[in-house]
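Below are the chains, spelled out letter by letter.
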Amino acid sequence: MKKRIFKINLALIVIIITSILYLNSSYYIENQKWKYSDGTHIGDWFDEGNLKVEDGIVYGSSGKAKVVFCFGFRLVIKDIETGEEGIYVNKN
């Protein structure tokens, strides 16, 4: 019984970690439509055509910022020059 619970917990942990890694990948972030919500911004609207992510750095029309975290529906960035954080909302 303990082995079965351990295997179930292990499977859940692997699924959660895989989901977090996918949601924070450049592939996921680049293929979504992001609209500015709050804080600092490097562009008002990002979609597949005007957003580039390399090594955790987002290049927008008004500058560049570091990706702090992506929750799937919210993208949190930090401006490299000022250090201010900004939030973008997923519009897909």
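In short, a report on the structure. (Residues numbered from 1 in each chain as written. Predicted model: local features only at pLDDT ≥ 70, side-chain atom pairs only at ≥ 80, totals over all residues. Heavy atoms only, no water.)

### Some remarks on the pairing of strand S5 (residues 63-70)
- As judged from the 4 bridges shared by strand S4 (residues 57-60) and S5, these two strands associate in the antiparallel manner. The residue bridging Tyr59 from the neighbouring strand is Lys64, located in S5.
- The turn joining S5 and strand S6 (residues 74-79), which pair antiparallel and follow one another in sequence, is formed by 3 residues; a positive phi near 100° is taken by Gly72. (Pairing = 2+ DSSP bridges. Helix = DSSP H or I, 4+ residues; strand = E, 2+ residues; numbered from the N terminus.)

### A short note on the side chain of Gln32
- Following the sequence through the fold, Gln32 ends up in the loop between helix H2 (26-30) and strand S1 (34-39).
- There is a polar contact of 3.1 Å between the side chain of Gln32 and the side chain of Asn90.
- Beyond its immediate chain neighbours, meaning those up to four positions away, Gln32 contacts Phe46, Asp47, Glu48, Asn90 and Asn92. (Polar contact = N/O pair within 3.5 Å; in protein donor to acceptor, adjacent residues only side chain to side chain. Contact = heavy atoms within 4.5 Å.)

### A word on the packing of aromatic side chains
- As enumerated under the stated definition, the model contains 4 aromatic pairs in all.
- The interplanar angle of 70° and the centroid separation of 5.8 Å between the aromatic rings of Tyr36 and Tyr88 together place this pair among those described as edge-to-face. In this pair, Tyr36 sits in strand S1 while Tyr88 sits in strand S7 (residues 85-90), placing the two residues 52 residues apart along the sequence.
- Its relative accessible area of 26% is what places Tyr36 among the partly exposed residues.
- You can call Tyr88 buried: its relative accessible area is 0%.
- The structure contains a cluster of three or more aromatic residues connected by ring pairs, namely Tyr36, Phe46 and Tyr88. (Phe/Tyr/Trp six-rings, centres within 6.5 Å; stacked < 30°, edge-to-face > 60°. Buried < 20%, exposed > 50% of the residue type's maximum accessible area, 1.4 Å probe, protein only.)

### Points about the sheet that holds strand S3 (residues 52-54)
- If you walk across this open sheet you meet the 7 strands as S2-S1-S7-S6-S5-S4-S3, and the pairing is antiparallel. At either end of the open sheet lies a strand with only one pairing partner, and these are strand S2 (45-46) and S3.
- Direction of pairing for S3 relative to S4: antiparallel, over a ladder of 3 bridges. Its bridge partner being in S4, Val53 is matched across the sheet by Val58.

### Considering the environment of Gly72
- Structurally, the position occupied by Gly72 is in the loop between S5 and S6.
- Residue Gly72 is classed as buried on the basis of its relative accessible area of 12%.
- Considering only alpha carbons, one finds Gly72 and Tyr22, 50 residues apart in sequence, at a separation of 9.3 Å.
- When sequence neighbours within four positions are dropped, the list of residues in contact with Gly72 reads Leu23, Tyr28, Trp34 and Asn90.

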